Amino acid sequence: MWIPTDLFWAYLVAISLLTVTPGVDTLLVMRNAGRGGLQSGLRDGCVTSIGICCGLFIHATLSALGISVLLVETAWAFTVLKWAGACYLIWLGLSSLRQAIKCAPDRGAEPHPADFVAPLVKPVSARVAFREGLLSNVLNPKTALFYMALLPQFIDPTGNAFQQSLFLAAVHFVLAMGWQCGLAVLVVKSRRLGVSQGVKRTLNALTGGFFIAMGAKLATQ
């Protein structure tokens, strides 16, 4: 291992706490695991997680090359990244709200047993789920700040900074994949118990509102 043992264990504790802390990426995985049919839900959730975790290597590379430092110190560049992330979060929120509206029942219509197991929306391709996860992570300025400020603290300056950065990102990748895919499994299992369309509609509305609120907060920070 290129990294001293004490630094590695300190990083492992820090990154584990960060991984299990609820955030936009976690909510996106759960949302995507809950959309579509039961068979495609687990695939969507796991593929979204792969996209999110692939973004970690991009942040690690930029951090090792020093671009993240330049980005943060250049006001206009950081502002562009911040607004891009905010717009993307708001777009995700509007998408969730649109799904909630689509599954709203017709007034006066009798409930049907199939309403409790019907898919929320039409299944999407794995490429869409991957892209949503990747963009969610890459356009998140908080992730860029984390990798710029925290990652260098666990790198041995006498070693190869680029290799160490990628190694630490790989550790984060494994932890985040395990946690997020586990959440996707829980979401799919809960759906197998039979959740009404009304509950799904409410969850989509809450998720959409959260994404929009986070995007607005990011834009005004």
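My aim in this report is to walk through the structure given alongside it, one point at a time. The model shown is predicted, which means the values in this text are computed figures rather than measured ones.

**Quick notes on the overall build of the chain**
Here's step 1: Of the regular secondary structure elements, the chain holds nine helices and zero strands.
Here's step 2: Burial analysis of the chain (221 residues in total) assigns 41% to the buried set.
Here's step 3: Long-range pairs, those at least 24 residues apart, make up 88% of the contacts in the chain between residues at least 6 apart in sequence.

**Details of the pattern of salt bridges**
Here's step 1: For the structure on display, the rule yields two salt bridges.
Here's step 2: With its nearest N and O atoms 3.5 Å apart, the salt bridge here joins Glu-132 to Arg-31. Of the two residues, Glu-132 sits in helix α6 (residues 126–138) while Arg-31 sits in helix α2 (residues 24–34), which places them 101 residues apart along the sequence.
Here's step 3: What makes Glu-132 buried here is its relative accessible area of 5%.
Here's step 4: Here Arg-31 falls in the buried class, since its relative accessible area comes to 6%.
Here's step 5: Of the charged contacts, one joins Arg-43 and Asp-44 as a salt bridge, the two residues approaching to 2.6 Å between their closest N and O atoms.
Here's step 6: Residue class for Arg-43 comes out partly exposed when judged on its relative accessible area of 34%.
Here's step 7: The exposure class assigned to Asp-44 is buried, which follows from its relative accessible area of 1%.

**Re the environment of Gly-159**
Here's step 1: Along the polypeptide, Gly-159 turns up in the loop between α7 (141–149) and α8 (161–192).
Here's step 2: Distance from Gly-159 to Ile-3, taken between C-alpha atoms, is 7.9 Å for residues 156 residues apart in sequence.

**Description of the packing of α2 against α6**
Here's step 1: Interaxial distance between α2 and α6 falls to 10 Å at its minimum, and their mutual angle equals 170°. With respect to each other, α2 and α6 are oriented roughly antiparallel. Only Glu-132, Gly-133, Ser-136 and Asn-137 of α6 make contact with α2, whose side of the interface consists of Val-24, Asp-25, Leu-28, Arg-31 and Asn-32.
Here's step 2: Looking at the contact of α2 with α6 residue by residue, the class counts come to two nonpolar, four polar and three charged.

Procedures and definitions
Residues numbered from 1 in each chain as written. Predicted model: local features only at pLDDT ≥ 70, side-chain atom pairs only at ≥ 80, totals over all residues. Heavy atoms only, no water. Helix = DSSP H or I, 4+ residues; strand = E, 2+ residues; numbered from the N terminus. Buried < 20%, exposed > 50% of the residue type's maximum accessible area, 1.4 Å probe, protein only. Contact = heavy atoms within 4.5 Å. Salt bridge = Lys/Arg side-chain N within 4 Å of Asp/Glu carboxyl O. Axes fitted to C-alpha atoms, helices over the stretch in contact; angles between N-to-C directions. Parallel < 35°, antiparallel > 145°, perpendicular 65-115°, else oblique. Nonpolar A, V, L, I, M, F, W, Y, C, P; charged D, E, K, R; others polar.

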